[in-house]
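# A structural walkthrough
These are the residues of each chain, in order.
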Amino acid sequence: MIGARIAALRRQKKLSQQALARQVGVSASAIGMYEQGRREPDCETLVKLAAALDVTTDLLLTGQAQPRDLAALREIAQQALSHLDGRLTLQGTDGESRPFDARELALLLAALLG
């Protein structure tokens, strides 16, 4: 089912499998396998597919459109990064801090907001 949605959205955006693959960072054959249902994208790839196709992960996974969209997520991430001067850190249970990058922030927002 997810494969049919990926294929339909890709065609709607007039993208070849190769063009979508380049945007997502996978091979064209991987896109073909997703579309044929022979393979499913991992979570990180799913988020990249949603971004490349300008839809939510909810739409890819369930076919249900949600009021939240990627433009809103991008705006939230941008505002968060600008208010924090582009530097985010996480503190682990051991008390050590480590950098929290924009990719992690986008994944977190996608997980929280769908």
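Note: the structure precedes this text.
Computed from a predicted model, the values in this text were never measured in an experiment.

### Some remarks on the overall build of the chain
- Across its full length, the chain carries 7 helices and 2 strands.
- From first element to last, N terminus to C terminus, the chain shows the α and β order α-α-α-α-α-α-β-β-α.
- Classification of the 114 residues of the chain by burial places 36% in the buried group.
- Put simply, 45% of the contacts in the chain that link residues at least 6 apart link residues at least 24 apart.

### A look at helix H1 (residues 2-12)
- The complete set of buried residues in H1 reads Ile-2, Gly-3, Arg-5, Ile-6, Ala-7, Leu-9 and Arg-10.
- In this structure, the buried side of H1 is in contact with helix H2 (17-24), helix H3 (28-36), helix H4 (43-53) and helix H5 (57-62).
- Residue Lys-14 follows H1 closely and has a positive phi angle near 55 degrees.

### Side note on H3
- Within H3, burial applies to Ala-30, Ile-31, Gly-32, Tyr-34 and Glu-35.
- Buried residues belonging to H3 abut H1, H2 and H4.
- Looking at the residues trailing H3, positive phi occurs at Gly-37, about 75 degrees.

### Examining the nonpolar core
- Ile-6, Leu-20, Leu-49, Leu-53, Val-55 and Leu-60 are the most contacted members of the largest nonpolar core, which has 19 residues in total.
- Elements with a contribution of two residues or more to this core: H1, H2, H3, H4 and H5.
- The greatest single-element share of this core, amounting to 5 residues, is contributed by H4.
- Apart from the residues within four sequence positions on either side, Leu-20 is in contact with Ile-6, Arg-10, Leu-15, Ile-31, Leu-49, Ala-52 and Leu-53.

### Points about unusual backbone geometry
- We note that Lys-14 has phi near 55 degrees; this positive angle belongs to a residue other than glycine.
- A positive phi angle, near 55 degrees, is found at Asp-54, a position not held by glycine.
- Inspection of the secondary structure assignment puts Asp-54 in the loop between H4 and H5.
- For Asp-54, a relative accessible area of 46% gives the class partly exposed.

### Digging into the pattern of salt bridges
- Enumeration according to the criterion identifies 3 salt bridges in this entry.
- Salt-bridge contacts for Glu-35 lead to Arg-10; the nearest nitrogen and oxygen are separated by 2.5 Å. One end of the pair, Glu-35, is in helix H3; the other, Arg-10, is in helix H1, with 25 residues separating them in the sequence. Assigned by exposure class, Glu-35 and Arg-10 land together as buried.
- For Lys-13, the salt bridge identified is with Asp-54, shortest N-O distance 3.2 Å. Within this pair, whereas Lys-13 is found in the loop between H1 and H2, its partner Asp-54 is found in the loop between H4 and H5, the two being separated by 41 residues in sequence.

Rules and cut-offs
Residues numbered from 1 in each chain as written. Predicted model: local features only at pLDDT ≥ 70, side-chain atom pairs only at ≥ 80, totals over all residues. Heavy atoms only, no water. Helix = DSSP H or I, 4+ residues; strand = E, 2+ residues; numbered from the N terminus. Buried < 20%, exposed > 50% of the residue type's maximum accessible area, 1.4 Å probe, protein only. Contact = heavy atoms within 4.5 Å. Core = buried A, V, L, I, M, F, W, Y, C linked by side-chain atoms within 4.5 Å. Salt bridge = Lys/Arg side-chain N within 4 Å of Asp/Glu carboxyl O.

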